Each structure stands twice: as C-alpha cells, then as structure tokens.
Amino acid sequence: PACTLLGHMGPVSSVAVSPDGTCCLTASLDSKVLLWDLRRPDVPTNTLLHSAPVRALGLSFDRKRCVTGCKDGTLRCWNLATPEAQFEAGLRIPHRIRNVSLSGNGQTCFVATSSNKGFCWKAMRDPDLDPKR
C-alpha cells in the first residue's frame, strides 16, 4: 500500500476519501472518527469523538462537512471547515445505522438502516432535524 493509517484501537468500519484524494476519514468501532491528510498520513489531523461505535460516515464533495452514524442510531453532522471540526447537529433514530451518504453540497443526508427503512434529511445544520417524507 501507499500508506498505512494507524490510530484506531478497534476495527475500522467505514472510510471516506475526498474527490481529490488528499483527505480521508476513517470510522471505527472504537467510537472515533479520524481525519487524515494523505499528503502526510503519519498522524491524524483531527479526532471526532462519539459515545458509541461508529459504523458509517459520509463526506461532502467540498470536504467542509461530514456526517457520522453510530451503532446506537445516533446521527451527527460535523463542520470540518474549522480547525477543531465543530459538531453542528445531531439526532437519534430508533434504527441501527448501516450506511450514510451526503449530497455533493453537504446539505442533504441519506441514511440506510438495518430495518426496512431509509431516511433523508435536508439542511443538516438545522438542530431540529425532521425526516423528509
């Protein structure tokens, strides 16, 4: 491999790479998401802490926002445009999250669950997120 990303204490469950190949995020069952600059992959550039194992993540096309989905049904949106990667909004759904994806502009989140449902949310920065029907 071109590089090995070391830093998680548990299995890596998901990965997202920026379109230009310079940024990478890894999610793990250790309840962390690590952000990597692939030009200098020796140490992560930031850590997003969670209260449950992280199963899925999505990265916006412009790398300014990511969404994470945890085993306990917690969905979080993060602002990566700031050096400290600020938490923006979150919600909990009564389903195990299997996969998440963000639209190119980072404004719409799509969620796949272990039930027979998928969800879509608009305006991820709104703290009162309601599922779009």
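In case you missed it, the structure is sitting above this.
Note that the structure is a prediction, hence the values are computed from the model and not measured. (Residues numbered from 1 in each chain as written. Predicted model: local features only at pLDDT ≥ 70, side-chain atom pairs only at ≥ 80, totals over all residues. Heavy atoms only, no water.)

1. A short note on the nonpolar core
Within soluble globular proteins, side chains that are nonpolar tend to cluster in buried spots. Cut-off, in case you're wondering: In this text, buried Ala, Val, Leu, Ile, Met, Phe, Trp, Tyr and Cys residues form a nonpolar core when linked through side-chain atoms within 4.5 Å. Buried, partly exposed and exposed residues are distinguished by accessible area as a fraction of the type maximum, computed with a 1.4 Å probe on protein chains only: under 20%, between the cut-offs, and over 50%, respectively. Secondary structure elements are taken from DSSP: a helix is a run of H or I of four residues or more, a strand is a run of E of two residues or more, and numbering for both begins at the N terminus.
By size, the foremost hydrophobic cluster in this structure holds 15 residues, and its most contacted members are Leu25, Val33, Leu48, Cys66 and Leu80. At the level of elements, strand S2 (23-28), strand S3 (32-37), strand S5 (54-59) and strand S6 (65-70) are the ones that each hand at least two residues to this core. Counting 12 residues, the second-largest nonpolar core is a separate cluster that includes Leu75, Leu91, Ile97 and Val100.

2. What to know about the side chain of Thr68
Here is the rule we go by: Two N or O atoms form a polar contact when they lie within 3.5 Å of each other; inside protein one atom must be a possible hydrogen donor and the other a possible acceptor, and for residues adjacent in sequence the pair counts only when both atoms belong to side chains.
Along the chain, Thr68 falls in strand S6. A relative accessible area of 0% means that Thr68 is categorised as buried. At a separation of 3.2 Å, a polar atom in the side chain of Thr68 contacts the side chain of Trp78.

3. Overview of the sheet that holds strand S1 (residues 12-17)
Under the convention used in this document: Paired strands, in this sense, are two strands between which DSSP finds at least two bridges. Note on geometry: axes are C-alpha line fits, over the in-contact stretch for helices, and angles between N-to-C directions span 0 to 180 degrees.
A sheet is described by the order of its strands in space; here 4 strands give the open sequence S1-S2-S3-S4, paired in antiparallel fashion. The sheet is open, and its two borders are formed by S1 and strand S4 (46-49), each paired with just one other strand. Between one strand axis and the next, the sheet turns by 20° as a mean value, whatever way the strands run. Two elements, S3 and S4, share 4 bridges in a ladder whose sense is antiparallel. Looking across to S4, one finds that Leu34 is bridged to Thr47.

4. Quick look at the pairing of strand S9 (residues 97-102)
Note: S9 against strand S10 (residues 108-113), 5 bridges, orientation antiparallel. Bridge pairing in S10 links Asn99 to Ala112. Where S9 folds back on S10, the antiparallel hairpin that results is connected by 5 residues, among which Gly106 adopts a positive phi of roughly 75°.

5. Re the environment of Asn46
By the secondary structure assignment, Asn46 is in strand S4. Separated by 21 residues in sequence, Asn46 and Leu25 place their C-alpha atoms 9.5 Å apart.

6. Let's talk about the pattern of salt bridges
The following threshold applies: Salt bridges are counted wherever a side-chain nitrogen of Lys or Arg sits within 4 Å of a carboxyl oxygen of Asp or Glu.
Counted according to the given criterion, the structure contains 4 salt bridges. Across the salt bridge formed by Arg40 and Asp37, the nearest N and O atoms sit 3.0 Å from each other. With relative accessibility at 54%, the residue Arg40 sits in the exposed group. Across the pair Asp72 and Arg92 runs a salt bridge whose closest N-O atoms are separated by 3.4 Å. On the criterion of sequence distance, the pair formed by Asp72 in the loop between S6 and strand S7 (74-79) and Arg92 in strand S8 (residues 86-92) is long-range, its members being 20 residues apart.

7. Thoughts on the sheet that holds strand S11 (residues 118-122)
With antiparallel pairing, the 3 strands of this open sheet are ordered in space as S9-S10-S11. Whereas interior strands pair on both sides, the edge strands pair on one side only; in this sheet they are S9 and S11. Direction aside, neighbouring strands of the sheet carry axes that sit 20° apart on average.

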